[in-house]
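Overview (structure and organization)
Here are the chains, one letter per residue:
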Amino acid sequence: MRKTTRPPLYGLIAEFDNPSDAVAAARRVHEEGYRIVDAFSPYPVEELSEAIGVHRTHMPLIVLIGGLLGGTLGFLLQVYVEVISFPINVGGKPYYSWPAFIPVTFECTVLGAALFAVFGMLALNGLPEPYHPVFNAPNFALASRDRFFVLVESRDPLFERERTAEFLRSLGPLEVTDVEH
Amino acid sequence: MERFDDPYDDTRIHVTPAVIEPGHTFDSVTDKISALVLRKRTPLGWWVGLAASFVLTNMMLGTIIYLVFTGIGIWGNNQPVGWAFDIINFVWWIGIGHAGTLISAILLLLRQQWRTSINRFAEAMTLFAVACAGLFPLLHTGRPWLAYWLFPYPNTMGIQPQFRSPLMWDVFAVSTYATVSALFWYTGLVPDLATLRDRARSKFGRVVFGMMSLGWRGSARHWARYEVVYLLLAGISTPLVLSVHTIVSFDFAIGIIPGWHTPIFPPYFVAGAIYAGFAMVLTLIIPLRKFYGLEDFITDRHLRNAGKVMLATGLLVAYGYMSEAFIAWYSANKYEQFMMLNRFVGPYAFYYWSLITCNVIVPQLIWIRRVRHSHVMLFVVAMFVNVGMWLERFIIIPISLHRDFLPSSWGMYAPTIFDFTMFFGTIGFFFFLMFLFIRFLPVISIFEMRTMVPEAQIKEEA
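For clarity, every value in this text was computed on a predicted model and none was experimentally measured.

Criteria and cut-off values
Residues numbered from 1 in each chain as written. Chains lettered and ligands numbered in written order. Predicted model: local features only at pLDDT ≥ 70, side-chain atom pairs only at ≥ 80, totals over all residues. Heavy atoms only, no water. Helix = DSSP H or I, 4+ residues; strand = E, 2+ residues; numbered from the N terminus. Rg over C-alpha atoms; globule rule 2.2 N^0.38 Å. Contact = heavy atoms within 4.5 Å. Areas by Shrake-Rupley, 256 points an atom, 1.4 Å probe, with all protein chains shown as cover. pLDDT = per-residue confidence, 0-100. Axes fitted to C-alpha atoms, helices over the stretch in contact; angles between N-to-C directions. Parallel < 35°, antiparallel > 145°, perpendicular 65-115°, else oblique. Left-handed = near helix turned anticlockwise from the far one by under 90°. Buried area = accessible area lost by both parts, 1.4 Å probe. Salt bridge = Lys/Arg side-chain N within 4 Å of Asp/Glu carboxyl O. Polar contact = N/O pair within 3.5 Å; in protein donor to acceptor, adjacent residues only side chain to side chain. Domains from an automatic or database assignment. Phe/Tyr/Trp six-rings, centres within 6.5 Å; stacked < 30°, edge-to-face > 60°. Buried < 20%, exposed > 50% of the residue type's maximum accessible area, 1.4 Å probe, protein only. Pairing = 2+ DSSP bridges.

Observations concerning the overall build of chain B
When its secondary structure is counted, chain B shows 16 helices and zero strands. For chain B, whose C-alpha radius of gyration is 24 Å, the value lies close to the compact-globule estimate of 23 Å for 462 residues. Dimensions of chain B, computed from C-alpha atoms along their principal axes, come out at roughly 80 × 70 × 45 Å. Within chain B, counting contacts between residues at least 6 apart in sequence, those at least 24 apart form 81% of the total. Taken as a whole, chain B presents about 19100 Å² of accessible surface, with 70% of it coming from carbon and sulfur.

Spelled out as structure tokens, the structure:
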């Protein structure tokens, strides 16, 4: 049997058992100049994403666009139906009776915003993604329970296997391990 | 003194009970809640409850089959009372759903931490209540297979729906509400499904939860977007829930029937919805926390706060009743005045006074500390409110219709057996879905509970 070549390393991951150490380590990793990094936690830790340099997201803009799009399309739909496609004289009121269209316009605004919010978030997060190399890290199943992880990817220009591993070890983790593809 | 023997009386210790009992850690919270789903043995009580609700669900299905084959004449509504149980139950269920959104969205925006342990459950309640609500107008059309006619689409019939009608507004409001509630609920579930994936012992569990969790891995970059989206969803759900019941009340308020045509309806309906919803939350969580041993997470504080919200919204509803009566008199409109008199002393007066008893008089007991702190009493009051809110819609809908402007077109309304099998059938269906939910999904948001334990405080280096 042919000996398979070892796939290139995906990165190095450090494991922590509390959020404070993980945040401190993530900050040090960022200060050291590593940029292609990620951190993992069982619940949202704002300090952790700040520490790896995620300061803002595009989500609010996406949701705004979704809401405006939903509202505009909803309103235009009603105008099309009531003025152009199927005009009915109701009590002598004008066909373009826009105040009566407000409730549905509002609902369409909310619907557009909500759909853009959820599907925009999933798209930017690259989900659904059933396989990811980070799942190969030992103990990573605990990332959804009580462990915190800081990952430096091998794509990072500063990544050097020995030096980076040593640096991560100096941050006081429980363990530093290789993550394979 | 006698009162000091009350185990729920906390005047001795002068502290507000915590939203989570002390001593919990990330792993204890995770294990305790996920064990409810992942354990092998299913409690016998669950099977009994599921079986009972399954029987009722089948009663509902039987009624629907008979209705589809026969027509809506099997129900009691007919001229002059064209709207009865179908619309009463629709409004009742939608109202119950609203507390779920209130708890998950409005209390999140108000930073009320106690919402965390009940929001998942309340959101599920919303979804299932909206599912039950949707059945009624759908079946009331008599031809549910043509329900897509409600939506505007290019068609060979050459007609389009009427967007100036509140009934069309209702179609859009309720379908948007169902969609957004489902999105909000599922978004909240994703990280917990990842926990279940990682903790499931069977291959089947890992695969199913793995697919449902969409590959969630708790990345800080993902969490950053997730948090923003969760907050924004809460922000847009808040006006949504108010708009939905406002539009439901427009179904009546836009009409000219005495007893319907009144501008107090939108706020009065919204308050009533929250009132009914909190009553249903209490009805469900008091037994649930007991049988599932969740007293650590759903503490006395949750029950008391829910009781207080119920009392406050109950007073708003009582103001609505007062305002209706006052305006009927003050309007000097004889049709409005007769409508009110007909409620007080007419043929259905018994139901009006039952409504006042259930919704206005009995809930005043919550002012008393001992009642507020007794789970049994809170449960009893909540049951009165559940009944009262149903009676409220009964008073508003058929009682207003049965005697309107022209005495020659007056009539009496009585439900048939199929009105009841349909109504109790949906109650069974609701509980059937609820039982499935508490067995197969985490009833408490695990990742949000983790943020509540003391370890979650980030200690900054000096």
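Moving on from the coordinates now.
Remarks on the confidence of the model for chain A
Taken residue by residue, chain A gives an average pLDDT of 86. The fraction at 70 or more is 96%. Mean pLDDT in chain A bottoms out at strand β4 (residues 175–180) of chain A, which sits at 81, and peaks at helix α4 (residues 102–124) of chain A, which reaches 94.

Some words on the packing of helix α3 (residues 85–109) of chain B against helix α4 (residues 119–140) of chain B
Residue and element names in this part refer to chain B. Here α3 crosses α4 at 160°, and the two axes come no closer than 7 Å. By the angle between their axes, α3 is roughly antiparallel relative to α4. The chirality of how α3 crosses α4 is left-handed.

Observations regarding the interface of chain B and chain A
If you look at the interface, chain B gives 60 residues, while chain A gives 66 residues. Here chain B meets chain A over a buried area of about 5400 Å², counting both sides, of which 67% is carbon and sulfur. Our count for the chain B to chain A interface comes out at two salt bridges. With a shortest N-O distance of 3.4 Å, R164 of chain B and E82 of chain A are connected by a salt bridge. Joining chain B to chain A, the criterion identifies 22 residue pairs in polar contact (both at pLDDT 80 or more). Contributions of two or more residues to the side of chain B that touches chain A are made by α1 (26–38), α5 (166–199), α7 (220–253) and α16 (446–450) of chain B. Looking at the side of chain B that touches chain A, the element that brings in the most residues is α7 of chain B, giving 18 residues.

Some points on the packing of α3 of chain B against helix α13 (residues 375–396) of chain B
All names here are of chain B. It is the contact of α3 with α13, at a shortest axis distance of 9 Å, that shows an interaxial angle of 135°. Relative to α13, the element α3 lies oblique. By crossing handedness, the relation of α3 to α13 is classed as right-handed. Listed contacts from α13 to F85, I88, N89, V91, W92 and G95 of α3 are N386, M389, W390, R393 and F394.

Thoughts on the domain arrangement of chain A
Interfaces are often sized by the amount of accessible area the parts lose when they come together. Domain parsing of chain A yields domain 1 (9–51 + 134–180) and domain 2 (59–124). The straight-line distance from the C-alpha centre of domain 1 of chain A to that of domain 2 of chain A is 45 Å.

Side note on the packing of aromatic side chains
Residues and elements named next belong to chain B. In total, this model carries 55 aromatic pairs over all chains according to the counting rule given. Ring centres of F184 and Y230 lie 5.0 Å apart, and the angle between their planes is 50°; on these two criteria the pair is classed as tilted. In this pair, F184 is assigned in helix α5 and Y230 in helix α7, connecting sequence segments 46 residues apart. Y230 carries the same exposure label as F184, and that label is buried.

Things to note about the environment of A318 of chain B
With respect to the helices and strands, A318 of chain B occurs in helix α9 (residues 300–330). Once the C-alpha coordinates of A318 of chain B and N386 of chain B are considered, the two residues, 68 residues apart in sequence, prove to be 15 Å apart.

Observations concerning the sheet that holds β4 of chain A
Residue and element names in this part refer to chain A. If you trace the four strands from one edge of the open sheet to the other, you get β2-β3-β1-β4, paired in antiparallel fashion. This sheet does not close on itself; its edge strands, each paired only once, are β2 (37–40) and β4. Taken over all neighbouring pairs, the strand axes of this sheet differ in orientation by 25° on average, direction set aside. Where β2 meets strand β3 (residues 148–153), four bridges bridge the pair, whose relative direction is antiparallel. Bridge pairing in β3 places F40 opposite F149.

Comments concerning the confidence of the model for chain B
Residues and elements named next belong to chain B. Looking at chain B as a whole, its pLDDT mean stands at 87, while 95% of the residues score no less than 70. By mean pLDDT, the top-scoring element of chain B is helix α11 (residues 349–361) (93), and the lowest-scoring one is α1 (79). Within the model, pLDDT remains below 50 along residues 1–5, and this stretch shows six contacts once partners closer than five positions in the same chain are excluded. Across residues 9–14, where pLDDT falls below 50, the model places 13 contacts with residues more than four positions away in sequence or in other chains.

Examining the pairing of β3 of chain A
Residue and element names in this part refer to chain A. Summarising burial for β3: six of the six residues are buried, a large majority. Where strand β1 (residues 9–16) and β3 come together, six bridges link them in antiparallel fashion. The residue of β3 that forms the bridge with G11 is E153.

Thoughts on the side chain of T313 of chain B
Residue and element names in this part refer to chain B. Relative to the elements of secondary structure, T313 occurs in helix α9. A relative accessible area of 8% places T313 in the buried class. A polar contact of 3.2 Å, which involves the side chain of T313, links it to the backbone oxygen of M310. Ignoring anything within four residues of it in the chain, the contact list for T313 reads A271, I274 and Y275.

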